[in-house]
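Each chain is listed here by its residues.
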Amino acid sequence: MKHLFRGAALAFAGLALLAACSDSEEDKVVNVYNWSDYIDEDILKEFEKETGIKVVYDVFDSNDVLETKLLAGKTGYDVVVPSGTFLSRQISAGVFAKLDQEQLPNLKNMWDVVSSRTIAYDPGNAYSINYMWGSTGLGYNVGKIKERMSDAPLTSWKMIFDPAVVAKFADCGVYMLDAGDEMIPAALNYIGENPDSKDITVIAKAEAVLAAIRPFIRKFHSSEYIDALANGDICLAVGWSGDVLQARDRAAEAKNGVEVAYIAPDEGALMWFDQMAIPADAPHPTNAHKFIDYIMRAEVMAKASNYVYFANGNLASQKHLNEDVITDPAIYPTPAALKTLYTTTPYDLKSQPVVTRIWTKVKSGQ
Ligand code: N2P
């Protein structure tokens with residue numbers, strides 16, 4: 001009996017050792033799939049230098065593209081960054097592994113103002129951690145817009161959704177995000193409907209708004225507008241806050257006389273949250289935790305926001321943020337501005353096909 005007991009104890013210790021070994025035997029690599037123009041690449045180099053873990057970094061500019069891959073499975077990715085609405089239904093579909101909080105000591109740095117909002121998508125924040133958040137608004141070329149319309153309604157969605165206004169800018173180039181899940185709510189909000197409506201008769205109303213301005217849109221794309229704005233190739237874009245601010249900086253650096261500005265319009269704009277998560281079939285889950293924990297370091301997170309001009313969900317990072325970042329209301333909105341921002345919830349099985357159909361139709365211009 002005594003022997004048997006000792007045997008079992010030994011076997012148990014052996015198993016534990018094996019588990020520890022397989023942990024440390026994970027290949028020294030982490031495969032990250034994040035949005036384009038969303039990090040200071042020095043961060044990746046510094047992580048590699050410190051940990052010896054190579055970062056294979058791949059980018060996307062569409063939640064739909066990420067979702068298609070995740071639902072098919074076996075992406076090979078260890079860390080992915082869907083927005084809250086998409087993350088939520090991906091969690092329900094069993095796409096992600098629960099985070100092991102013991103491997104994430106820097107969770108202490110996170111900001112309850114953000115984490116209390118992201119629980120709407122990920123109850124208990126069990127599967128995800130906020131990377132960055134921002135708004136969806138308008139980027140414009142100050143000079144070109146003024147030239148064409150001296151009294152342009154710069155702080156209103158009329159800039160894009162009023163056909164008589166946007167028609168004036170068609171010649172200098174108007175881009176729109178290729179994101180039906182954001183543009184349909186924006187169109188609904190513009191006509192006074194609930195942007196988060198799941199009622200298909202309400203959602204259908206967005207089609208007429210978008211169809212009316214379709215002739216004036218040069219391109220639907222979710223990342224090319226940064227350079228297009230910066231180079232002066234277009235004069236108006238629906239875009240993501242930090243991306244437009246990056247365009248502003250690229251223009252200033254190029255000293256090309258282009259002045260770019262961002263506005264989250266008065267009628268309200270979408271506030272979204274991009275969340276780091278680990279696919280259930282990630283090949284290197286331990287490295288994924290190490291990577292996420294590294295990103296959650298106050299200095300690292302601040303370095304990322306200082307570079308891409310998006311706000312983050314990390315309170316400890318705030319004392320390391322550049323003055324022009326923490327004080328810019330386009331990045332960290334004032335409490336009053338925050339009240340004008342709306343959030344959305346995921347489309348369900350009934351509403352998603354309607355959104356997809358409208359969006360495909362609008363883009364095709366038929
Ligand atoms: C990064 C854009 C990410 C914002 N360029 C959209 N979730």
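Residues numbered from 1 in each chain as written. Predicted model: local features only at pLDDT ≥ 70, side-chain atom pairs only at ≥ 80, totals over all residues. Heavy atoms only, no water.

The next subject is the environment of Val166. Secondary-structure assignment places Val166 in helix H8 (residues 163-166). Distance in space between the C-alpha atoms of Val166 and Phe86 is 30 Å, their sequence separation being 80 residues. Residue contacts for Val166: discarding those within four places in its chain leaves Met159, Ile160, Val174, Ile213, Phe216 and Leu236. (Helix = DSSP H or I, 4+ residues; strand = E, 2+ residues; numbered from the N terminus. Contact = heavy atoms within 4.5 Å.)

Below, the discussion takes up the site of the ligand. All residues in the neighbourhood of the ligand are listed as Trp35, Ser36, Asp37, Tyr38, Ser83, Trp240, Asp243, Trp272 and Asp274. Asp37 has a polar backbone atom sitting 3.4 Å from a nitrogen atom of the ligand. One nitrogen or oxygen atom from the side chain of Asp243 is found 2.8 Å from a nitrogen atom belonging to the ligand. Against a free-state accessible area of 260 Å², the protein chains account for coverage of 99% of the ligand. For the shell around the ligand, a count of residues per class yields 4 nonpolar, 2 polar and 3 charged. (Near = heavy atom within 4 Å. Polar contact = N/O pair within 3.5 Å; in protein donor to acceptor, adjacent residues only side chain to side chain. Areas by Shrake-Rupley, 256 points an atom, 1.4 Å probe, with all protein chains shown as cover. Nonpolar A, V, L, I, M, F, W, Y, C, P; charged D, E, K, R; others polar.)

With that settled, the discussion passes to the nonpolar core. Core analysis: the biggest nonpolar cluster contains 119 residues, and Tyr131, Ile160, Phe161, Phe169, Met176, Tyr225 and Leu236 have the highest contact counts within it. Non-local contacts of Met176, meaning those with residues more than four positions away in its chain, are made with Ile160, Phe161, Met183, Leu210, Ile213, Ile217, Lys219, Phe220, His221, Val238 and Trp359. (Core = buried A, V, L, I, M, F, W, Y, C linked by side-chain atoms within 4.5 Å. Buried < 20%, exposed > 50% of the residue type's maximum accessible area, 1.4 Å probe, protein only.)

As a working rule, side chains carrying opposite charge can pair if their charged atoms are close by. According to the stated counting rule, one finds 16 salt bridges in the structure shown. Between Asp37 and Arg250 there is a salt bridge, with the nearest N and O atoms lying 2.8 Å from each other. Of this pair, Asp37 sits in the loop between strand S1 (29-35) and helix H2 (41-51) while Arg250 sits in helix H13 (residues 241-254), and the two are 213 residues apart along the sequence. A salt bridge links Glu50 to Arg297; the nearest nitrogen and oxygen atoms lie 2.5 Å apart. Residue Glu50 is found in helix H2, and its partner Arg297 is found in the loop between helix H14 (285-295) and helix H15 (298-308); the two are separated by 247 residues along the sequence. Its relative accessible area of 29% is what places Arg297 among the partly exposed residues. One network of salt bridges, in which partners are shared, links Asp37, Asp227 and Arg250. (Salt bridge = Lys/Arg side-chain N within 4 Å of Asp/Glu carboxyl O.)

A few words now on the packing of helix H9 (residues 180-190) against helix H18 (residues 351-364). The contact between H9 and H18 brings their axes to 10 Å, and the two run at 90°. In this view, H9 runs roughly perpendicular relative to H18, as classed from their interaxial angle. On H18, the residues touching Gly180, Asp181, Met183 and Ile184 of H9 are Val355, Ile358 and Trp359. Looking at the contact of H9 with H18 residue by residue, the classes come out as 5 nonpolar, 1 polar and 1 charged. (Axes fitted to C-alpha atoms, helices over the stretch in contact; angles between N-to-C directions. Parallel < 35°, antiparallel > 145°, perpendicular 65-115°, else oblique.)

As for its placement among the helices and strands, Ser223 is situated in the loop between strand S6 (219-220) and helix H12 (225-230). Once you skip the residues sitting within four places of it in the chain, Ser223 turns out to touch Ser36 and Asp61.

That's the geometry; what it means functionally is another story.
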